[in-house]
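Residues per chain are reported as follows:
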Amino acid sequence: MPAIPAQPIPATGLLADALGRPLRDLRISVTDRCNFRCSYCMPKEVFDRDYVFLPQSSLLSFEEITRLARIFVAHGVQKIRLTGGEPLLRRGLEALVAQLAELRTPDGTALDLTLTTNGSVLAKKAAALKAAGLRRVTVSLDGLDDAVFRRMNDVDFPVADVLAGIEAAHRAGLGPIKVNMVVKRGRTSRRSCRWRATSANISAQASCCASSSTWTSAPATAGAWTKCCRRPRCWRGCRRTGRSSRWIRP
Ligand code: SF4
């Protein structure tokens with residue numbers, strides 16, 4: 001096994017992909033656990049009571065995560081997104097946020113530090129996360145209709161609690177808030193495909209797993225309704241043309 005040097009070797013050069021494009025974003029999964037059982041992600045049949053998640057001893061500690069993040073930042077990373085599972089289930093996550101918020105890029109700029117969450121405990125945590133240095137959040141929300149949302153998360157979790165979490169994040173200044181939505185044929189009603197970005201600080205995106213293919217995603221204009229055109233596989237068209245005109249504003 002190679003020896004670990006006592007002093008870290010200074011970073012040189014930027015990280016890049018095979019085409020030479022610099023890698024600026026880093027996603028860090030802090031837990032493999034989640035309190036939802038969305039069928040497209042953690043179906044109950046697989047992630048049941050007997051499913052064995054990673055033991056705590058196999059997870060990187062906050063100090064180890066911060067050490068790795070520091071190395072990535074020295075190599076050009078500017079944005080870090082914390083994910084899971086559900087990242088807010090990791091106990092004391094605010095402490096990790098505080099450590100990451102101290103990191104600086106080589107030119108002294110603070111990181112764009114964000115987090116993706118299902119929003120289930122966001123109402124309780126939003127203020128503490130902001131105080132620790134988190135900049136913004138992305139919330140997964142698969143429906144505004146309570147019955148639809150409960151069916152999508154498959155643990156009977158009420159949509160009102162997630163909406164309260166979004167409100168709390170907004171009040172805490174964790175913006176701009178992005179809302180992600182997955183549309184499932186037969187589960188998500190046409191009505192719940194409609195979103196309203198009620199604030200300049202909130203944008204919405206939707207994707208669809210109908211027919212096991214993703215439709216589309218498009219940013220919503222603040223204050224405007226957006227609606228999925230329900231054309232199957234239309235994301236291919238959007239990607240090809242780069243147009244968002246397949247989204248309708250009544
Ligand atoms: S809330 Fe997110 S992580 Fe949890 S089961 Fe649903 S999609 Fe997966």
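Here the residue numbering is sequential within each chain, running from 1 through the sequence in written order. A pLDDT threshold of at least 70 governs which residues receive local features in this predicted model, and a stricter bar of 80 or more applies before side-chain atom pairs are shown or counted, although totals over entire chains, interfaces and linings include all residues.

**Student:** Could you give me a rundown of the overall build of the chain, with the residues and numbers involved?
**Tutor:** Here a helix means four or more residues in a row that DSSP labels H or I, a strand means two or more in a row labelled E, and each is numbered from the N terminus. Across its full length, the chain holds 6 helices and 8 strands. Starting at the N terminus and walking to the C terminus, you meet the elements of the chain as β-α-β-α-β-α-β-α-α-β-β-β-β-α. Note on contacts: residues are paired as contacts if their backbone-placed C-beta atoms lie within 7 Å. Contacts spanning at least 24 positions in sequence make up 67% of the contacts within the chain whose residues lie at least 6 apart.

**Student:** Help me get a handle on the pairing of strand E2 (residues 79–83), residues and values and all.
**Tutor:** As a rule, residues whose C-beta atom has 12 or fewer other C-beta atoms within 10 Å are exposed, those with 20 or more are buried, and those in between are partly exposed; C-beta atoms are placed from the backbone. Only one face of E2 is covered, namely the face carrying Ile 80 and Leu 82; the face carrying Lys 79, Arg 81 and Thr 83 is uncovered. In short, DSSP must find at least two bridges between two strands for them to pair. Relative to E2, strand E1 (residues 25–29) runs parallel, the two being bridged by 5 bridges. Counted as the bridge partner of Ile 28 is Leu 82 from E2. Where E2 lies against strand E3 (residues 112–117), 4 bridges are found, and the strand directions are parallel. Counted as the bridge partner of Lys 79 is Asp 112 from E3. With helix H2 (residues 93–101) bridging E2 and the parallel E3, this β-α-β connection has right-handed handedness. Every crossover in which the path from the first strand over the helix to the second runs clockwise, viewed with the strands pointing away from the viewer, is termed right-handed.

**Student:** Give a description of unusual backbone geometry that names residues and reports values.
**Tutor:** In this structure, the amide linkage connecting Gly 84 to the following residue, Gly 85, adopts the cis form with an omega of 10 degrees. Secondary-structure assignment places Gly 85 in the loop between E2 and H2. Backbone torsion omega between Gly 175 and Pro 176 reads 0 degrees, so that peptide bond is classified as cis. Examined against the element boundaries, Pro 176 turns out to sit in the loop between helix H5 (159–172) and strand E5 (177–183). Backbone geometry at Asp 154 places phi at a positive 60 degrees, although glycine is not the residue there. Here Asp 154 shows up in the loop between helix H4 (146–153) and H5. Classification of Asp 154 by C-beta neighbours within 10 Å gives partly exposed; the count is 16. In the Ramachandran plot, Asp 156 falls in the positive-phi region, its phi being about 60 degrees despite a non-glycine side chain. Residue position: Asp 156 is located in the loop between H4 and H5. For Asp 156, a count of 8 C-beta atoms within 10 Å gives the class exposed.

**Student:** If you had to explain H5 to someone new, which residues and values would you point to?
**Tutor:** In a helix, the anticipated span is given by 1.5 Å times the number of residues less one. Look at H5: 20 Å from first C-alpha to last across 14 residues, which is about the 20 Å you get at 1.5 Å a residue. Along H5, the residues that are buried comprise Val 159, Val 162, Gly 165, Ile 166 and Ala 169. End-on view of H5: buried residues confined to an arc of 115 degrees, all on one side of the axis. Elements that come into contact with the buried residues of H5 comprise helix H3 (122–132), strand E4 (136–140), H4 and E5. Gly 173, located one to two residues past H5, shows a positive phi value of around 90 degrees. Taking the helix axis as origin, the arc is that swept by the directions to the C-beta atoms.

**Student:** Would you mind going over the confidence of the model for the chain in detail, with residue names and values included?
**Tutor:** Taken residue by residue, the chain gives an average pLDDT of 80. The fraction at 70 or more is 72%. For every residue, the pLDDT score states the predictor's confidence, bounded by 0 at the bottom and 100 at the top. Below a pLDDT of 50 lies the segment residues 196–200, which in the model reaches 12 contacts outside its immediate sequence neighbourhood of four places, other chains included. In the predicted structure, residues 208–250 sits below a pLDDT of 50 and forms 77 contacts with residues beyond four places in sequence or in another chain.

**Student:** Describe the pairing of E3, and please don't skip the residues or the numbers.
**Tutor:** What you see with E3 is a clean split: Leu 113, Leu 115 and Thr 117 sit on the buried side and Asp 112, Thr 114 and Thr 116 on the side with no burial. One ladder, built from 4 bridges, connects E3 with E4; its direction is parallel. The residue bridging Thr 117 from the neighbouring strand is Val 139, located in E4. Handedness of the E3-H3-E4 crossover: right-handed.

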